[in-house]
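Chain by chain, the residues:
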Amino acid sequence: VPALDVSLIRADDLRTAFAAAMSQMYKNEVPRYGDLVRIVQEVNQAALSGISSWGAGVSHATTDSPERLSLERHGAIRLGLPSELRTVRRIFAVLGMYPVGYYDLSVAGLPMHATCFRPTTPASLARNPFRVFTSLLRPDLVKSEDGTRELALQLLSRRTLFSPELLSVLDRAERQEQGLYAEQAEIFIREALQTFSWANGVAASTADEYARLSAEHPVLADIACFRTAHINHLTPRALDIDAAQRAMVGEGMSVKERIEGPPRRRFPILLRQTSFLAIHEPVHFLAEQDSTGGLDERKMMREDSSTNQRLVKGSHCARFGEIEERGAAVTAAGRRLYDNLLAETTAQVASHETNANSRTYDKVLTETFRGKYPDDLGELCRQRLIFCQYRCTGLGDAIDANVGVMLDWAHCLVDEGVLVAEPITYEDFLPFSAAGIFQSNLQRTGSASTETTSKQSSAKSGPARIPSLVEARGGDKDSLEEALGVAITDPDVLYAQAQKDSLLGCLKELGLNDT
Ligand code: OOG
Ligand code: NI
């Protein structure tokens, strides 16, 4: 066994350093994000200090450590080419993040599919669960009558997301496996951050090319017209998202109409999300040559020092701020129940009236879930709707080993007070929630939003009414895996493994592993 080199920084620590640096970068780029982090910290402190009053109002039980909670973030990037995704996959692997879950975004009318890069073991998740929702353009789904697909691909083929320094330290990291030395880590983090930075909003296209793609769909322009795979939001985890949403409104933020995901419950499941709407930001487009080969002097803005390109002023709207509340990971049965109740809600709201608003939607959602989705730990466990990890309480001396099925056994031992069941946190995303988040943030992209857009948006109430660029075509997981160069892990396999490992650990601790 080779000696452990203590000076090597391992993946979990690199990830923490990277996530902290990214958080700082995004605070500088989008100062409103800093406000969001502060609001969430305040809400979490209040929720944690109110934890003794469970049973009274809503409980926000989480067994995740306060340290994990304060570090916890997810971000999102949108990539254009398979080769970009391949390299991004390698970068995240160095940070201990692997592709988990497949998300078909054509259900949201978007020509994209996605995966989530995240840590996969309970130990790494406990250290820092930083994750990045990463979507990839599916050019085959973009209509091409007026050449927008070709234009997007042409723009993408001209850009390089990764610096030579990054690529060379990435090669080294892959050979070293155990981790990076401090100075390599510094280069790696600095250069990787460049890839995901806003890069001063200097576009990689002309204003005209931007307008053409944006007219087809704003997301196309967001993907193809820039030089970097800019992070478009970074999301802290709130223990009480309703309180955090109220605080956001209180601070004058213009907030998405409704919280995506399950209704507010005593026992949180899955994921609830909301965001402040995307901001209009100044960008600089490449100046166009006029027909005589000269430049239009009136529009000329400045010269980009690195490329000597002449630039003209414009604006873009895609970056936003999101918060989320995470509850228990649900089993396949728990997910079916969730999906069915969500579909029931959407159908009911649609049948209601034409001006159904977000309040109607939330009311119907709460009523649909009430009584149909158990809302306490014992019942959720007994009906096998959620994944749990089990821990010995230390009171296990006098147990009878004669038990059959492991989970039944575990539930008996929970009743006996020998084990405690703790919900395993949901670490992934929800396709319809993601769709809602995309929708609320893309509407306002491009030219200033008009009267009609805002009227339409206030009439939108559920995830079903999304302006479509494409028809839902079904996913194409194989091609995403081919782009990644590795298989995507099924999240349920990870939750089931963590549950099983915790039970095996308990068996061992109770001395029952060889009976
Ligand atoms: C990703 C939106 C999905 C979430 O939290 O569901 C997402 C994007 O806008 O690129 O981040
Ligand atoms: Ni998000």
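Residues numbered from 1 in each chain as written. Chains lettered and ligands numbered in written order. Predicted model: local features only at pLDDT ≥ 70, side-chain atom pairs only at ≥ 80, totals over all residues. Heavy atoms only, no water.

A. Geometry of the site of ligand 1. Neighbouring residues of ligand 1: His74, Ala76, Arg78, Phe133, Asn232, His233, Gln273, Glu322, Phe429, Ala434 and Phe438. Within the side chain of Asn232, an N or O atom sits 3.0 Å from an oxygen atom of ligand 1. Within the side chain of His233, one N or O atom sits 2.9 Å away from an oxygen atom of ligand 1. The fraction of the free accessible surface of ligand 1 (320 Å²) that becomes covered by protein chains is 100%. When residues of the shell around ligand 1 are traced back to their parent elements, those giving at least two are β1 (73–79) and α16 (431–442). In terms of residues, the shell around ligand 1 owes the most to one element, β1, which gives three residues. Taken together, the residues that form the shell around ligand 1 break down as five nonpolar, four polar and two charged. (Near = heavy atom within 4 Å. Polar contact = N/O pair within 3.5 Å; in protein donor to acceptor, adjacent residues only side chain to side chain. Areas by Shrake-Rupley, 256 points an atom, 1.4 Å probe, with all protein chains shown as cover. Helix = DSSP H or I, 4+ residues; strand = E, 2+ residues; numbered from the N terminus. Nonpolar A, V, L, I, M, F, W, Y, C, P; charged D, E, K, R; others polar.)

B. Structural detail: the packing of helix α4 (residues 82–94) against helix α18 (residues 477–484). Contact geometry of α4 with α18 gives a least axis separation of 7 Å together with a crossing angle of 60°. Considered as vectors, α4 and α18 are oriented oblique to each other. Contact with α4, carried on its side by Pro82, Leu85, Arg86 and Arg89, involves Leu480, Glu482, Ala483 and Leu484 of α18 and no other residues of that element. The class makeup of the residues in the contact of α4 with α18 is five nonpolar, no polar and three charged. (Axes fitted to C-alpha atoms, helices over the stretch in contact; angles between N-to-C directions. Parallel < 35°, antiparallel > 145°, perpendicular 65-115°, else oblique. Contact = heavy atoms within 4.5 Å.)

C. Examining the state of the cysteines more closely. Inspection of the entire model under this criterion finds zero disulfides. Counting only cysteine sulfurs, Cys381 is the nearest neighbor of Cys388, a cysteine outside any disulfide, at a range of 3.5 Å. (Disulfide = S-S within 2.5 Å.)

D. A look at the sheet that holds strand β3 (residues 112–118). Read across the sheet, five strands follow the order β2-β3-β4-β1-β6 without closing on themselves; strand pairing throughout is mixed. Strands at the two margins of the open sheet, each flanked by one partner only, are β2 (98–104) and β6 (233–236). Across this sheet, the average inter-strand angle for adjacent strands is 20°, counted without regard to direction. Relative to strand β4 (residues 131–137), β1 is paired through six bridges, and the arrangement is parallel. (Pairing = 2+ DSSP bridges.)

E. Molecular detail of the pattern of salt bridges. One pass over the structure, following the stated rule, counts 38 salt bridges. Its salt-bridge partner being Arg326, residue Glu72 comes within 4.0 Å of it at the nearest N-O pair. Taken together, the positions of Glu72 in the loop between α3 (66–71) and β1 and Arg326 in strand β11 (residues 321–326) put the pair 254 residues apart, joining distant regions of the chain. Its relative accessible area of 5% is what places Arg326 among the buried residues. In this structure, Glu422 engages Arg391 in a salt bridge whose closest nitrogen and oxygen atoms are separated by 2.8 Å. Of this pair, Glu422 sits in strand β13 (residues 419–423) while Arg391 sits in strand β12 (residues 388–392), and the two are 31 residues apart along the sequence. Residues joined by salt bridges that share partners form a network here, namely Asp64, Arg68, Glu72, Arg131, Arg237, Glu324, Arg326 and Glu427. (Salt bridge = Lys/Arg side-chain N within 4 Å of Asp/Glu carboxyl O. Buried < 20%, exposed > 50% of the residue type's maximum accessible area, 1.4 Å probe, protein only.)

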